[in-house]
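# Understanding the architecture of this molecule
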Amino acid sequence: MALTVVMSAVLVSCNDDGYADYKQGGAPSEAMNGEWWIDITDATTGEVYVQHAFHKTYDDNKGGMWISDRSGSSFTGWYLESVVNVNNSNLTFSATDAANLADDSKVTITEGKVLKNAGRSKTGVAVDSIYFKGVFDYDKSTTLIFAGTKRTGFEEDEY
């Protein structure tokens, strides 16, 4: 009797759990999603305005990708929170006069790209890098360069 109960338990535990047809799909922008440490520089003068600003990129569930420097209720960089268009085949992104929810402005993002393992973390670990140019409608004569590296999550790599 005890052997029958044990065998039944083993057989029941091996039964299909109902997930055989479930296919975990990645978000369209999955290869570009992450958390980043980004420096913001004036493209003309080279002046660094912000160093190591925390940014996030994540899927918008509509085929685009959010890029944001919102951390809780504040912003860490240039007040950027916008959806960009993505090209997953070459890891590029852009936006033209996109709504910037951080300050109700419009932003144009050009030359956006994620380069796999092209950056180095604070401790020298190979990580992805990110680069893009941004022009905000309240100052169309200034082009900002946003360039940085992916956050590792390790304490020694935090800024």
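Residues numbered from 1 in each chain as written. Predicted model: local features only at pLDDT ≥ 70, side-chain atom pairs only at ≥ 80, totals over all residues. Heavy atoms only, no water.

What follows covers the pattern of salt bridges. Here the idea is simple: oppositely charged side chains can pair when their charged atoms come close. Counted according to the given criterion, the structure contains six salt bridges. Salt-bridge contacts for Lys133 lead to Glu111; the nearest nitrogen and oxygen are separated by 3.3 Å. Taken together, the residues span a long stretch of sequence, with Lys133 in strand β9 (residues 126-136) and Glu111 in strand β8 (residues 105-120) at a distance of 22 residues. For Lys133, a relative accessible area of 21% translates into the label partly exposed. (Salt bridge = Lys/Arg side-chain N within 4 Å of Asp/Glu carboxyl O. Helix = DSSP H or I, 4+ residues; strand = E, 2+ residues; numbered from the N terminus. Buried < 20%, exposed > 50% of the residue type's maximum accessible area, 1.4 Å probe, protein only.)

What follows is about the side chain of His55. Mapped onto the fold, His55 is located in strand β2 (residues 48-59). Looking at His55, its side chain comes within polar contact range of the main-chain oxygen of Ala53, at 3.1 Å. Discounting residues that sit within four places of it in the chain, His55 has contacts with Gly34, Glu35, Trp36, Ile38, Ile40, Ser68, Asp69 and Phe146. (Polar contact = N/O pair within 3.5 Å; in protein donor to acceptor, adjacent residues only side chain to side chain. Contact = heavy atoms within 4.5 Å.)

Here we take up the confidence of the model for the protein chain. Confidence in the prediction of the protein chain, expressed as mean pLDDT, is 89, and 84% of residues score 70 or more. Predicted confidence is poor over residues 5-13, with pLDDT under 50, and the contacts of this stretch with residues over four places away or in other chains come to zero contacts. (pLDDT = per-residue confidence, 0-100.)

Glancing now at the nonpolar core. One finds Val84, Phe93, Ile109, Ile130, Phe132 and Phe146 to be the most contacted residues of the largest nonpolar core, which totals 23 residues. At the level of elements, β1 (34-42), β2, β3 (64-68), β6 (81-87), β7 (92-100), β8, β9 and β10 (144-150) are the ones that each hand at least two residues to this core. (Core = buried A, V, L, I, M, F, W, Y, C linked by side-chain atoms within 4.5 Å.)

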